[in-house]
Amino acid sequence: MRKLTQVVLLLILARPAAAHVGSPDIFFEGNAGPYRLFVTVRTPRVIPGVAGIEIRSQSAIREIRVAPLLLTGLGSENSPAPQVAERSADDPQFFACSVWLMQFGVFQLRIHAYGAQGEGQLVVPVPATVQGTLRMQNTLAFALTALMIFLSIGAVSVVGAFFRDGMLEPGADRRPVDLRRGRLAMLAAAISVVGILYLGNRWWNWDAEVATRRIYRAPRLAANLESGEYMLLRATDPEWLQLVGRHPLIPDHGYLMHLFLVRFPEMDRFWHLHPRQIKPGVFLQGLPSMPSGLYKIFADVVHEDGFPETLLAEITLPGMQGSPLTGDDSEASARPVSRVSQISGVSELPDGGRVLWERDAAPLKPNVPGHFRFRVEGRDGKPVQDLEPYMGMAGHAEFLSWDGTVFAHVHPAGSVSMAALQIAEASLMPDMANLQPSPHRNHSLSAAALPPEVSFPYGFPRPGQYRIFVQMKRAGRIQTAVFDAQVK
Amino acid sequence: MLTGAPFDNWWHAAYGLDVKLKSPPHLSLLVGGLMIAIILLISLEYKFRPMMHSALFYRTVSVVVPIVLITVSQPTGRRWACSIVIAVYTGLLLADVWIFPLFPAEPKLGPVFHKIDHFVPYEFPLLLIAPAAVLDLLSIKIRGWDKRLQAAVFGSAFFLTFLLVQWPFATFLMSPGARNRVFGAGYMGYTTHPDSYYARHLFLQLEQTGAHFWIRMLEALTGAILSSGLGLIGADLMRRIRR
């Protein structure tokens, strides 16, 4: 009964938290052949569990089918029968369906689109972890308790009937000995029922505890300042170290780890760095000059099976002199959040240019997927022509809640890990990888001039206040714009 | 559902059987056969082919089957009551193994570890027919004996016969000779990983040491005797039902 309850409840209760940090839903935009699709995956709370998939197409489509496979290994070769997505009655370009994710690991959702322009496929990597357990709703608990009492009384009375009346000849009357036998049997039955319920309760609690231990929690790192200028990050969780042994980390758009440091609580200083792994689970980063304060650390990594994680740490630094930033490392300064009086759609850049957040006047709502569009203007007020790929992409955006409980690292393709996406796309065309143009043609760009707009698919996971860091590269310099958002 | 089913089953057993016993005893044997099938299904985790050379398997079957078998078959007074009950169980499972795969099917859930295009049946039935026949033969000879002695005889006979018959049959089931439509040892569900013991037709040694194995076998023998004893008590109760 409990499993059924869980399935029913998870479909109707609000989304909980996990991967990235506190942002479990997956947002993705890509091409399925001639069709551009915006895919939102509402990841299941428990495993096995149901993932809700929403797909919005930019053009007319006849049918969409979705099938879950594992991302790597044996389960990635054969597909189960695909689910046909249902078209929304209000919006002919909006489709939805549910898909069971039956085990832990990383899945790939193969989305096949059919229409007048032909057919096409795209694939979205989806990690499957347990995000939490559910408390039983009060009404259900009440109903089940009532049924349990009814059944218990019924069972005892059946036993009583059996031993009291079952052995009498038809038509015979009950004698005192029969009544006594019946009562004795009912007493024994009542004790047995109580015993069964007690043991059953213990079994339930044991199973619940096992389930709770399976909940995914972001691994923590120990962060320490060494020699006054290096930060050493060490994984302290032995289970995570074992995981890294079994599934080593792989580089994601160039680096094993993308490290984000944000000063809290004001979120007024931000760094995006790339530490070196000096041995499994141990990373070293030379720090730039940083003001004193408490810094929350978010470290994005991906395992070779496509499983992405954000590792967490904190460090209190004294004001320090460090080495200047090089390569793809970047930083930003912004107004302290406590001094943000109004939400502005414009962010001034240090070189005089600005980034504008293009959005309509509608208020921001949680769990609503959408495009976050930003336009870059130069000092002269005109859209710039000198945007370059930053680590292979038009831009990187980091969404952080002001209280530090939500962190999402998003690209123009979406909130999926680029490394996992590459694995997924490679599995889609295993024999043709050499013949086709690069599978990541959608999201890894050569160094040609980019349009002045960058767009990120995302949806805020819950109400609150957020700060968005938008990072791009202009004429060789990495620039970060900062925006705040109120989500109600 | 889970709380309701055993109570429902029990409810019908208590209220239904007394009506059914008045009608041809066939029905009680049918119900018995069904109950054995269901109970063996519930204890499924201990009954996979790779477990058939482990003592845990024999202990499970020895504890679970005699009580049901004896309770259901003894009150009918028929000569081959146990065999009929087990024949029902065997027939149900044979029908499953022989008929299900004739129908096309495809996996609906991922991940799919190997392709299938037809329904995959459950396993070939356990050779409970042998201990059932032995129990039938013995029950005539030992009728009227002291009930505890009857339990000892029934339990030991069940356990020994089952062990002597199922163990070599299990060896056969693991061999290529059983991987056909008759014995169904070649059928694998799409969630069966090719690296598993099941897919590789290997036995799983659930007991790490010889001592552990023999202790469990002893528990199986004891369990069979106790189960038979409870079955005889149950049979007695069933016989006394008048309404």
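1. Notes on the confidence of the model for chain A
Residue and element names in this part refer to chain A.
Part 1: Chain-level pLDDT for chain A is 88 on average; 92% of the residues reach the 70-or-more range.
Part 2: Of all secondary-structure elements in chain A, the lowest mean pLDDT belongs to helix H1 (residues 2–12), at 44, while strand S2 (residues 35–42) reaches the highest, 96.
Part 3: Within the model, the stretch residues 3–19 combines pLDDT values under 50 with 31 contacts to residues more than four positions away or in other chains.
Part 4: Segment residues 432–439: pLDDT under 50, and 3 contacts once partners within four positions in sequence are set aside and those in other chains are kept.

2. Regarding the nonpolar core
Part 1: With 45 residues, the main nonpolar core has Ile-36, Leu-69, Tyr-89, Leu-126 and Leu-128 of chain B as its most contacted residues.
Part 2: Of all the secondary-structure elements, those providing two or more residues to this core are helix H2 (26–42), helix H3 (55–73), helix H4 (81–99), helix H5 (129–141), helix H6 (147–174) and helix H7 (210–239) of chain B.
Part 3: Not counting chain neighbours up to four residues away, the residues in contact with Ile-36 of chain B comprise Val-65, Val-68, Leu-69, Val-85, Ile-86 and Tyr-89 of chain B.
Part 4: Core analysis: the next-biggest nonpolar cluster, separate from the first, contains 36 residues, Ile-55, Ile-61, Phe-95 and Cys-97 of chain A among them.

3. Here's the deal with the domain arrangement of chain A
All names here are of chain A.
Part 1: The assigned domain composition of chain A is domain 1 (2–128), domain 2 (138–213), domain 3 (220–327) and domain 4 (334–488).
Part 2: Its C-alpha centre places domain 3 at a distance of 21 Å from the equivalent point of domain 4.
Part 3: Contact with domain 3, which involves 26 residues of that partner, is made by 28 residues of domain 4.
Part 4: Interface area for domain 3 against domain 4, summed over the two sides, is near 2000 Å², with a carbon-plus-sulfur share of 69%.
Part 5: The interface formed by domain 3 and domain 4 includes 0 salt bridges.
Part 6: For the pair domain 3 and domain 4, the number of links is 9 residue pairs in polar contact (both at pLDDT 80 or more).
Part 7: Within the residue set of the side of domain 3 that touches domain 4, elements represented by two or more residues are strand S13 (258–264), strand S14 (269–273), strand S17 (293–303) and strand S18 (308–317).

4. With respect to unusual backbone geometry
All names here are of chain A.
Part 1: Here the amide bond leading from Ile-47 into Pro-48 is cis, since omega sits at -5°, within 30 degrees of zero.
Part 2: In this structure, Pro-48 sits in the loop between S2 and strand S3 (49–57).
Part 3: Across the junction of Phe-264 and Pro-265, the peptide omega takes the value 5°, indicating a cis bond.
Part 4: Its place among the elements puts Pro-265 in the loop between S13 and S14.
Part 5: With phi around 50°, Ser-227 is a residue other than glycine that occupies positive phi space.
Part 6: Summarising the element assignment, Ser-227 is placed in the loop between strand S10 (221–226) and strand S11 (230–235).
Part 7: Relative accessible area serves as the criterion here: at 66%, Ser-227 is assigned to the exposed category.
Part 8: The phi dihedral of Met-391 falls on the positive side, at around 50°, and the residue is not glycine.

5. With respect to the environment of Asp-484 of chain A
All names here are of chain A.
Part 1: Relative to the assigned elements, Asp-484 resides in strand S28 (residues 477–487).
Part 2: Taking relative accessible area as the criterion, Asp-484 reaches 10% and is therefore assigned buried.
Part 3: Sequence-wise, Asp-484 and Pro-176 are 308 residues apart; in three dimensions their C-alpha atoms are separated by 83 Å.
Part 4: In this view, Asp-484 contacts Val-340, Ile-343, Trp-357, Trp-402, Tyr-466 and Arg-467; residues no more than four positions away in its chain are not counted.
Part 5: Among the polar contacts made by the side chain of Asp-484, one reaches the side chain of Trp-402 at a distance of 3.3 Å.
Part 6: One polar contact links Asp-484 to Arg-467, side chain to side chain, over a distance of 2.9 Å.

About the criteria used
Residues take numbers from 1 onward in each chain, read along the sequence in its written order. Think of it this way: whatever chain is written first is A, whatever ligand is written first is 1, and the rest follow in order. Confidence filtering applies because this is a predicted model: local features only for residues at pLDDT of at least 70, side-chain atom pairs given and counted only at 80 or more, and all residues used for totals across whole chains, interfaces and linings. With hydrogens and water stripped out, all remaining heavy atoms of the structure feed into the side-chain values. pLDDT expresses how confident the predictor is about each individual residue, on a scale running from 0 to 100. The helix count covers DSSP runs of H or I at least four residues long, the strand count covers runs of E at least two residues long, and both are numbered beginning at the N terminus. The contact rule is simple, with two residues in contact once any of their heavy atoms fall within 4.5 Å. Residues belong to a common nonpolar core when they are buried Ala, Val, Leu, Ile, Met, Phe, Trp, Tyr or Cys residues joined through side-chain atoms within 4.5 Å. Buried, partly exposed and exposed residues are distinguished by accessible area as a fraction of the type maximum, computed with a 1.4 Å probe on protein chains only: under 20%, between the cut-offs, and over 50%, respectively. Note: domain ranges come from an automatic or database domain assignment. Defined in terms of a 1.4 Å probe, buried area is the accessible area two parts forfeit on being brought together, summed over both. Any Lys or Arg side-chain nitrogen located within 4 Å of an Asp or Glu carboxyl oxygen qualifies as a salt bridge. For the purposes of these results, a polar contact is taken to be a pair of N or O atoms within 3.5 Å, where, inside protein, one atom must be able to donate a hydrogen and its partner to accept one; residues adjacent in sequence count only when each atom of the pair is a side-chain atom.

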